[in-house]
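The lines below spell out each chain.
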Amino acid sequence: MAGHSPNNGGSHYKTIVIGAGMSGLACASRLLQHPSHQKPNSLLVLEARNRIGGRIDAVHVNGCRLDTGANWIHGTGMKEIPNPLVEILPHKRMRPLDGAVAFKAPKSDGDAGVTHEREDGWVEVDGNANSCSDQSGNQSGSGEPRTIPAASTSVLMGSVWGMLGSLHEEAASTPDTEAKKRTVLNAIRRNEIFKFAFAELPPELHSTLSGMPQFVENMEAAPLAAQSAEHDRGRAGVSLAEYAIDDFDGDQVFLQDGYLSLIDEVAKSLRGQDLIETGAEVKRIQWDRAPVVVETGESTFTADRVVCSLPLGVLQHHAHGHRGSSTPPLFEPLLPQGKLDALDLLGYGTLDKIFLVYDHAWWNEEPYLSRYQKGVVKRSTGERQDQDARPDSFMGFTAELPGISIHPETETSSGPRLLSCLNLEALTDFPVLSTFVSCSNATHIESLSDQEAGAIVRRALASWLGLEPPPPAAVHATRWASDPFSRGSYSHMLTGLSDHHHREEFQRPVRGNNGGELRFAGEHTSRNHFATVHGALLSGWREADGILAELRDDVGST
């Protein structure tokens with residue numbers, strides 16, 4: 001990897017790529033394969049962080065590797081149309097998430113909170129986590145476990161996966177203009193699979209079932225209800241257009257060795273030729289001139305063209321400049337209105353993780369094991385797991401964080417927050433539990449210390465098992481919203497605001513009157529693969545191919 005600011009002389013390049021996440025690296029490495037970008041001073045990647053990978057990263061705590069960003073592939077694809085990530089490292093280890101165990105939601109005190117439904121179908125919920133009688137859920141850690149029997153867990157999990165599949169079907173059969181206006185929340189309330197699960201499960205599990213759709217917020221990093229929104233842009237909630245995509249089929253697989261090996265593979269040729277400059281935060285891009293001028297804190301570069309692969313959240317923060325501040329906008333002049341509209345109207349949310357790191361996997365031992373073992377089912381089939389099977393995930397609730405309770409055709413109320421907790425010992429051989437928090441709960445967790453965040457999860461585990469678990473040896477919480485070089489995790493579609501043409505708008509280069517060229521890459525620029533690593537990868541290849549096609553045309557015209 002190149003060191004800090006080796007080009008203080010301000011060299012000129014054919015192409016400068018801003019950002020060394022997956023999309024930027026994919027673009028640059030593809031350009032480097034072509035003779036046009038193999039000569040000295042043809043290509044440069046500028047990265048603000050002191051590392052590469054962007055929203056893909058890992059830290060080591062107590063000898064355990066913790067994948068703080070992306071760590072699974074959303075659809076491996078089929079033989080005819082494989083996901084390109086699967087082919088980059090053929091020897092990588094991956095496996096589907098399979099075994100799961102679920103725990104009952106804590107009982108409510110009957111105060112469901114007040115709901116207000118607006119004309120656009122969006123529901124605002126009054127009330128908070130105190131609507132549950134036991135805020136910490138059995139903090140003392142003594143009592144009966146809340147494990148749901150395997151047969152009922154099969155219905156619960158089946159309803160979640162079936163509901164998600166039917167949301168894709170509904171979105172595919174709905175005109176784009178209608179899907180844009182329709183909230184996922186109301187689509188869930190009307191969903192037949194969701195309704196059927198209420199008829200099939202006993203009444204004592206209805207409160208648990210009504211909280212399960214919160215799983216969508218963790219998958220999409222997008223709010224279903226107003227109280228989950230982490231900023232004003234999110235108050236309209238995620239729209240059905242979120243599911244109107246043609247993504248890869250196949251298994252959802254967990255990368256057992258993490259994503260950094262993929263980053264290393266994509267970046268190998270760039271590192272080998274010292275083409276990545278880290279610690280170089282871009283402050284200004286003057287694109288309406290030829291050549292384009294790129295200024296960092298220490299250097300000024302020029303280029304025939306620039307590919308900007310900065311995350312959507314960073315672009316939203318810097319495109320207009322800091323309001324009320326003397327800091328100038330990132331782009332000079334401001335981007336064309338179409339690009340500014342796309343930045344303003346696409347959603348961008350946060351998904352964080354709370355890692356509890358242990359000296360050993362206590363959940364595989366007595367007295368804990370027998371408290372949940374009879375409830376473990378296979379995600380893929382819904383069948384009960386073998387007696388000695390280890391679950392890949394634990395799913396339960398905490399009343400310490402605000403959640404929502406969704407009921408078919410009727411009101412949406414406040415309730416406990418669903419926590420999805422991965423058993424990394426089963427997936428990576430590290431004795432770690434990794435819990436997801438998203439949207440407003442993620443930004444709240446980021447305001448706490450690691451120990452305070454970990455204590456919420458530990459109290460939830462005690463309430464689920466009816467027995468207090470051992471204290472963790474260490475806790476690590478991610479903070480993607482607070483990271484100035486990410487400002488969140490990935491993009492989503494906001495009800496009544498976001499259109500797919502906003503993503504496609506980023507696929508059109510910006511050309512200045514004086515010959516400058518500015519292109520965009522990143523997951524937010526993908527029509528069908530947004531919010532994924534493969535979407536970022538494909539977007540980088542798309543921009544590289546566009547540049548190379550342009551160069552061929554220029555050669556042909558001469």
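Calculation notes
Residues numbered from 1 in each chain as written. Predicted model: local features only at pLDDT ≥ 70, side-chain atom pairs only at ≥ 80, totals over all residues. Heavy atoms only, no water. UniProt positions renumbered as here; feature names shortened; annotations may be inferred. Helix = DSSP H or I, 4+ residues; strand = E, 2+ residues; numbered from the N terminus. Contact = heavy atoms within 4.5 Å. Areas by Shrake-Rupley, 256 points an atom, 1.4 Å probe, with all protein chains shown as cover. Buried < 20%, exposed > 50% of the residue type's maximum accessible area, 1.4 Å probe, protein only. Pairing = 2+ DSSP bridges. Axes fitted to C-alpha atoms, helices over the stretch in contact; angles between N-to-C directions. Salt bridge = Lys/Arg side-chain N within 4 Å of Asp/Glu carboxyl O. Parallel < 35°, antiparallel > 145°, perpendicular 65-115°, else oblique. Left-handed = near helix turned anticlockwise from the far one by under 90°. Nonpolar A, V, L, I, M, F, W, Y, C, P; charged D, E, K, R; others polar. Core = buried A, V, L, I, M, F, W, Y, C linked by side-chain atoms within 4.5 Å. Domains from an automatic or database assignment.

- As recorded in an unreviewed UniProt entry, the protein chain goes by Amine oxidase domain-containing protein and comes from Hortaea werneckii EXF-2000.
- Turning to the protein chain, the UniProt record has this under Sequence similarities (unreviewed entry): "Belongs to the flavin monoamine oxidase family."

**What to know about the overall build of the protein chain**
Now for step 1: A tally of regular secondary structure across the protein chain gives 16 helices and 25 strands.
Now for step 2: Put simply, 77% of the contacts in the protein chain that link residues at least 6 apart link residues at least 24 apart.
Now for step 3: Total accessible area on the protein chain stands at roughly 21,200 Å², and carbon and sulfur atoms take up 49% of it.

**Regarding the pairing of strand β4 (residues 64-67)**
Now for step 1: Neither face of β4 is left uncovered, since the one carrying Cys64 and Leu66 and the one carrying Arg65 and Asp67 both have all their residues buried.
Now for step 2: Taken together, the four bridges between strand β3 (residues 58-61) and β4 define a ladder with antiparallel strand orientation. Paired with Ala58 across the two strands is Asp67, which belongs to β4.
Now for step 3: In this structure, the hairpin formed by β3 and β4 is closed by a connection of two residues, where Asn62 is found at a positive phi of approximately 50°.

**A few points about unusual backbone geometry**
Now for step 1: Here the residue pair Glu332 and Pro333 is connected by a cis peptide bond, since its omega of 0° sits within 30 degrees of zero.
Now for step 2: Pro367 follows Glu366 through a cis peptide bond whose omega is 10°.
Now for step 3: By secondary structure assignment, the location of Pro367 is in the loop between β17 (351-357) and β18 (377-378).
Now for step 4: Positive phi, close to 60°, is recorded for Asn41, a residue that is not glycine.
Now for step 5: Along the polypeptide, Asn41 turns up in the loop between α1 (22-32) and β2 (43-46).
Now for step 6: For Asn41, a relative accessible area of 42% gives the class partly exposed.

**Considerations on the side chain of Lys339**
Now for step 1: With respect to the helices, strands and loops of the structure, Lys339 is situated in helix α11 (residues 337-345).
Now for step 2: Not counting residues within four places of it along the chain, the set of residues in contact with Lys339 comprises Glu505, Phe506, Arg508, Val510 and Phe520.

**Looking at the sheet that holds strand β5 (residues 72-74)**
Now for step 1: What the three strands build is an open sheet, ordered β5-β10-β6; its pairing is antiparallel. If you trace the sheet from one side to the other, it starts and ends with β5 and β6 (94-96), each paired once. Going from strand to strand, the sheet's axes swing by 30° on average, the running direction of each strand aside.
Now for step 2: Relative to strand β10 (residues 252-255), β5 is paired through three bridges, and the arrangement is antiparallel. Bridge assignment links His74 to a residue of β10, and that residue is Gln252.

**Thoughts on the pattern of salt bridges**
When charged atoms on two side chains of opposite charge get close, those side chains can pair.
Now for step 1: Counting across every chain of the model gives 31 salt bridges.
Now for step 2: Asp257 serves as the salt-bridge partner of Arg93, at 3.0 Å between the closest nitrogen and oxygen. Taken together, the residues Arg93 in the loop between α2 (84-88) and β6 and Asp257 in the loop between β10 and α9 (260-272) connect sequence positions 164 residues apart.
Now for step 3: With relative accessibility at 37%, the residue Arg93 sits in the partly exposed group.
Now for step 4: Here Arg458 makes a salt bridge to Glu468, at a shortest N to O gap of 3.2 Å. You can see Arg458 sitting in helix α14 (residues 450-465) and its partner Glu468 sitting in the loop between α14 and β22 (474-477), a full 10 residues away along the chain.
Now for step 5: In this structure Glu468 comes out as partly exposed when scored by relative accessible area, which is 38%.
Now for step 6: Connected via shared salt-bridge partners are Arg305, Arg511, Glu517, Arg519, Arg542, Glu543 and Glu550.

**Remarks on helix α13 (residues 439-446)**
Now for step 1: Counting buried residues along α13, six of its eight residues qualify, which places the element largely inside the surrounding structure.
Now for step 2: All buried positions along α13 are accounted for by Cys439, Ser440, Asn441, Ala442, Ile445 and Glu446.
Now for step 3: Buried residues along α13 sit in contact with α8 (215-220), β17, β19 (393-406), β20 (412-423), β21 (432-438) and α14.

**Topic: the packing of α1 against α9**
Now for step 1: Where α1 meets α9, the closest approach of the two axes is 8 Å, and the angle between their N-to-C directions is 40°. The orientation of α1 with respect to α9, classified from their angle, is oblique. The crossing of α1 and α9 is left-handed. Judged by residue contacts, Met22, Leu25, Ala26, Ala28, Ser29 and Leu32 of α1 engage Leu262, Ile263, Val266, Ala267, Ser269 and Leu270 from α9.
Now for step 2: Taken together, the residues of the contact of α1 with α9 break down into 10 nonpolar, two polar and no charged.

**A word on the nonpolar core**
Now for step 1: Within the largest apolar cluster, 89 residues are counted, with the highest numbers of intra-cluster contacts made by Ile16, Ile188, Phe331, Leu518 and Phe520.
Now for step 2: Ranked by the residues each element gives to this core, the list is headed by helix α3 (residues 150-172), at eight residues.
Now for step 3: A domain split of this core shows at least three residues from each of domain 1 (12-56 + 258-345 + 492-556) and domain 2 (58-106 + 142-254 + 349-477).
Now for step 4: Not counting residues up to four positions away in its chain, the partners in contact with Ile16 are Leu44, Leu46, Val294, Phe301, Thr302, Ala303, Arg305, Val306 and Val307.

**A closer look at the packing of α3 against helix α6 (residues 192-200)**
Now for step 1: Between α3 and α6, the shortest axis-to-axis distance is 8 Å and the interhelical angle comes to 165°. Compared by their axis directions, α3 and α6 come out roughly antiparallel. Seen along the crossing, α3 lies across α6 with a hand that is right-handed. In contact with Val155, Gly158, Ser159, Gly162, Met163 and Ser166 of α3, α6 contributes Ile193, Phe194, Ala197 and Glu200.

**Quick word on the sheet that holds β19**
Now for step 1: Reading across from one edge, β18-β7-β19-β20-β21-β17-β22 is the order of the seven strands in this open sheet, with mixed pairing throughout. The open sheet is flanked by β18 and β22, the only strands paired with a single partner.
Now for step 2: Relative to β18, strand β7 (residues 99-102) is paired through two bridges, and the arrangement is antiparallel. Paired with Ala100 across the bridge in β18 is Val377.
Now for step 3: Along the sheet, α13 contacts β17, β19, β20 and β21; its crossing angle with β21, the most-contacted strand, is approximately 120°.

**Description of the environment of Leu356**
Now for step 1: Within the secondary structure, Leu356 sits in strand β17.
Now for step 2: Given a relative accessible area of 0%, Leu356 falls into the buried group.
Now for step 3: In sequence terms Leu356 and Pro431 are 75 residues apart; their C-alpha atoms lie 8.6 Å from each other.
Now for step 4: Each residue touching Leu356, except ones within four places of it in the same chain, is listed here: Pro431, Val432, Leu433, Gly454, Val457, Arg458, Leu461, Pro472, Ala474 and Val475.

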